[in-house]
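Tertiary structure, described
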Amino acid sequence: MALIDRPALGYEGAGAEPGTVPNPIAEIQRAVRRHWLLMGLVVGFGTAASVVIAITLPSLFTAHAQIAIETAQPNPLVPTEPDRVPDRAKLESVAEVFSSEALLRDVIQDLNLDYYPDFNPELRWPGVVARFLPTGTTDSRPATAEGRVAGQLRAVRAALSVSQVGRSNALSISFTARAPELAAEVANRLALRYIDRQVNDRRTRLSRARSHLNRRLETLRAEVEQKERKVQEWRAERRLVEGAAASVLQEQISQLASQISLARADLALAASKGRTNSLGAAAGIATIPEVIESPYLESLKSEERQLVAELMAAQNRFFDGNPQVEMAREVLAQVRARLAEETANIAQSLEVSVARQEQRLADLQAEMERLQGEFIARRNDEIVLNGLVREAAVSRDTYETLLRQRGQLQLQAGIEQSDAHILSLAQVPIRPSKPKRKLIVAGGGVVSVALAFFLVVLLAQIDDTINTIEDVERVSGLQVLAALPKERASAKRSSPADSVVDAPGGAFADALRRLRAKLHVMSERAGAGIVVHVTAVRPGDGASSVACALARTAALARLRVLLIDGHPADPAVGRLTGVEAPVGLLNVLTEGVDLQGAIQVDRRSPLNVLLAGTTKGAVADGLTSAIMDTGAERVLDRIRGEFDFVVIDSPALVSDRGSLMFGPASDAIVLVTALHKTSQRDLVRALRGLSTLGFGREPGLVVNYVARDLFG
């Protein structure tokens with residue numbers, strides 16, 4: 001089939017090469033063109049339904065009131081500063097208060113909302129379905145009071161919306177109702193009720209706080225008096241003077257520590273002098289200042305030196321036994337005796353001084369121990385006293401703090417304020433907020449278009465029908481030999497086969513002429529006697545019309561053409577050509593009827609026609625059996641010798657593959673498939689059937705019923 005070029009198909013915009021993947025966008029476009037009526041119905045019905053819904057829905061009005069929650073800004077609607085982010089947790093808690101049962105009960109009672117059908121399920125219209133239901137099918141039991149109130153609360157909550165205004169500390173209270181005045185009244189009453197409840201709650205809390213503070217103050221006053229009395233008793237019992245006892249003892253201990261240090265220094269000095277004096281006395285020299293610096297000892301030493309000098313002078317003048325010498329010696333001995341006695345007295349006084357210093361140091365240390373013990377005891381008493389004083393001070397501070405708080409609460413009595421204030425009251429809305437009728441209609445249209453598109457895509461996915469020439473080539477893997485436009489029926493034209501006679505210059509006739517030329521090339525037979533089988537994938541694909549039109553085109557070209565009806569079970573050639581004959585091919589093969597006597601002439605062209613004929617007991621597959629039993633080769637050789645072009649109209653392959661007469665001996669087979677009728681599965685089955693019949697060549701695919709706008 002490679003010898004067939006694309007422009008020869010006879011239409012513009014031929015499809016892709018065989019085996020290519022189909023373009024999904026093109027598939028969807030073709031599906032839309034095919035199912036445009038379905039899409040129109042779906043879109044129209046959906047849009048109409050949305051219009052009905054938009055018209056029948058009741059108008060709802062929404063009113064908005066705004067309150068500010070603890071804001072220090074002049075205008076709470078102004079966005080807060082970055083460092084002053086609103087307290088979202090508090091705003092959310094306030095929003096939950098508006099949906100609380102207590103607040104909604106007050107509003108329902110204030111405005112008598114239970115008399116409105118919107119907020120009382122018992123007063124609502126039962127609806128169309130309920131009106132037509134039998135009485136026993138509905139629950140006619142009266143609702144309990146709790147159930148009725150719960151239904152009212154649900155209805156009010158459904159109509160209420162509380163949201164933050166931008167990034168401010170303001171809340172918007174929105175309420176929706178059928179009556180605009182009611183919507184505004186409920187929104188305003190909710191805001192006012194919230195503020196009233198805030199004031200009442202604060203008044204109640206202040207009253208409870210004052211009562212609690214009074215009870216607490218009585219208890220604290222008795223506690224303060226008891227603790228202060230305990231402090232005074234402890235001071236009196238321990239003889240503690242406030243701020244003096246510990247400091248005096250500490251000063252005495254400090255002074256006594258200084259005296260002990262001096263006493264230790266004096267003792268060390270006295271002991272050192274005693275040891276030095278003992279060493280000097282042993283050596284015969286004076287070493288301590290008391291001995292060296294004593295005036296008396298110095299006078300004695302001077303007198304001793306003088307007497308020594310006089311003794312030496314007397315010894316030099318007189319002899320040893322002289323009375324003056326002896327007297328000088330005696331006086332010198334007396335002076336020396338007094339000097340030794342005085343030195344001994346000084347040493348003894350040093351020993352006494354050391355003992356006295358030791359005793360003084362011991363007395364001072366004993367006094368230090370006594371003072372330290374007394375200081376520790378007094379310090380412990382003061383620690384206990386300080387604890388008692390602190391407890392009493394804490395109790396007194398708490399008492400004074402509570403006194404100030406009670407004073408502040410007394411000042412706040414009668415001037416309680418809410419943490420919220422009204423920014424703007426709700427105004428009666430002029431236009432309804434719901435439903436958005438235009439949006440409903442537009443949404444219904446969009447949904448309808450989407451649904452229609454979805455249905456078309458779904459149909460395109462599940463549709464196995466061949467809708468384009470590209471589908472034929474993709475499924476078969478072969479190029480289409482010819483595409484035949486869809487011919488419109490008219491009063492003069494009973495079938496498409498008549499158009500080749502009535503309009504020989506038309507697109508249909510031109511396509512058939514091209515097809516005949518390609519069949520001559522495909523047959524590879526030189527000269528005359530070309531036999532072409534024309535069959536279809538399934539009944540109704542127009543194979544008989546194509547066979548008749550192809551044969552008429554060849555006959556009008558002044559060729560000797562024979563059209564054979566090879567479909568005895570459902571003969572169509574006689575009907576298409578207007579030929580009637582009692583005998584035909586079956587009679588020639590089975591009864592020995594002369595071939596020339598069985599051939600008839602077409603009424604509208606010089607076309608020779610051989611009908612299927614009838615024989616006794618013939619059935620749908622009788623033609624094939626007759627051909628196999630009587631030797632079809634002789635008949636085919638005779639036909640080839642007498643005619644230039646032979647066209648055999650054969651049954652559809654899917655319905656009767658066995659009736660493909662002269663199949664293996666034919667020069668070409670034309671397989672007709674119809675757009676929008678033949679399924680891809682049937683086309684594959686037909687091609688497999690051809691291969692099982694032993695026809696070695698590829699069939700020539702002809703697509704029938706192609707839209708005329710594809711042809712140039």
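Definitions and limits used
Residues numbered from 1 in each chain as written. Predicted model: local features only at pLDDT ≥ 70, side-chain atom pairs only at ≥ 80, totals over all residues. Heavy atoms only, no water. Axes fitted to C-alpha atoms, helices over the stretch in contact; angles between N-to-C directions. Helix = DSSP H or I, 4+ residues; strand = E, 2+ residues; numbered from the N terminus. Parallel < 35°, antiparallel > 145°, perpendicular 65-115°, else oblique. Contact = heavy atoms within 4.5 Å. Nonpolar A, V, L, I, M, F, W, Y, C, P; charged D, E, K, R; others polar. Salt bridge = Lys/Arg side-chain N within 4 Å of Asp/Glu carboxyl O. Buried < 20%, exposed > 50% of the residue type's maximum accessible area, 1.4 Å probe, protein only. Pairing = 2+ DSSP bridges.

Glancing now at the packing of helix H15 (residues 507–523) against helix H16 (residues 543–556). Between H15 and H16, whose axes approach to 9 Å, the crossing angle comes to 80 degrees. The angle between H15 and H16 falls in the class roughly perpendicular. Contacts between H15 and H16 involve Phe508, Leu512, Arg513, Leu515, Arg516 and Leu519 on the former and, on the latter, Ala549, Leu550, Thr553 and Ala554. Split into classes, the residues belonging to the contact of H15 with H16 amount to seven nonpolar, one polar and two charged.

Time to look at the pattern of salt bridges. One pass over the structure, following the stated rule, counts 20 salt bridges. Residues Asp498 and Arg604 are paired through a salt bridge, measuring 3.8 Å at the closest nitrogen-oxygen approach. Of this pair, Asp498 sits in the loop between strand E5 (480–485) and helix H14 (499–502) while Arg604 sits in the loop between strand E8 (600–601) and strand E9 (608–610), and the two are 106 residues apart along the sequence. Residue Asp498 is classed as buried on the basis of its relative accessible area of 4%. What makes Arg604 partly exposed here is its relative accessible area of 34%.

Time to look at the packing of helix H4 (residues 101–111) against helix H6 (residues 145–159). Think of two packed helices as two axes; the pair is described by the angle between the axes and how far apart they sit. At a closest axis distance of 10 Å, the pairing of H4 and H6 adopts a crossing angle of 95 degrees. Our classification of the angle between H4 and H6 gives roughly perpendicular. Each of Glu101, Leu104, Arg105 and Ile108 in H4 lies in contact with H6, whose residues at this interface are Val149, Gln152, Leu153, Val156 and Arg157. In terms of residue class, the contact of H4 with H6 is built from five nonpolar, one polar and three charged.

Once that is clear, we can look at the sheet that holds strand E7 (residues 561–565). Read across the open sheet, the eight strands follow the order E5-E12-E11-E6-E10-E7-E9-E8; overall the sheet is mixed. Because the sheet does not close on itself, it has two edges, and the strands there are E5 and E8. Judged from the three bridges that link them, E7 and E9 form a sheet pairing that is parallel. What sits directly across from Leu562, in E9, is Asn608. Packed on one face of the sheet, helix H13 (residues 469–476) meets E5, strand E11 (668–674) and strand E12 (700–706) and runs near 155 degrees to E12.

The topology assignment puts Ser545 in helix H16. Judged by its relative accessible area of 16%, Ser545 falls in the buried class. The contacts of Ser545, once residues within four sequence positions are left out, are Pro496, Ala497 and Leu576.

This paragraph deals with the sheet that holds strand E2 (residues 160–164). Pairing is antiparallel in the open sheet, where four strands are placed in the order E2-E3-E1-E4. Each of the sheet's edge strands pairs with one partner strand only, and the pair in question is E2 and strand E4 (420–424). Direction aside, the axes of adjacent strands within the sheet are offset by 30 degrees on average. As judged from the four bridges shared by strand E1 (residues 61–69) and E4, these two strands associate in the antiparallel manner. Its bridge partner being in E4, Ala68 is matched across the sheet by His421. Running at roughly 20 degrees to E1, helix H7 (residues 180–238) makes contact with E1, E2, strand E3 (170–177) and E4 of the sheet.

Counting buried residues along strand E6 (residues 530–536), seven of its seven residues qualify, which places the element largely inside the surrounding structure. Burial along E6 is two-sided: Ile530, Val532, Val534 and Ala536 facing one way and Val531, His533 and Thr535 facing the other are all buried. Alignment of E6 against E11, held across five bridges, turns out to be parallel. Across the sheet, the residue bridging to His533 is Ile669, located in E11.

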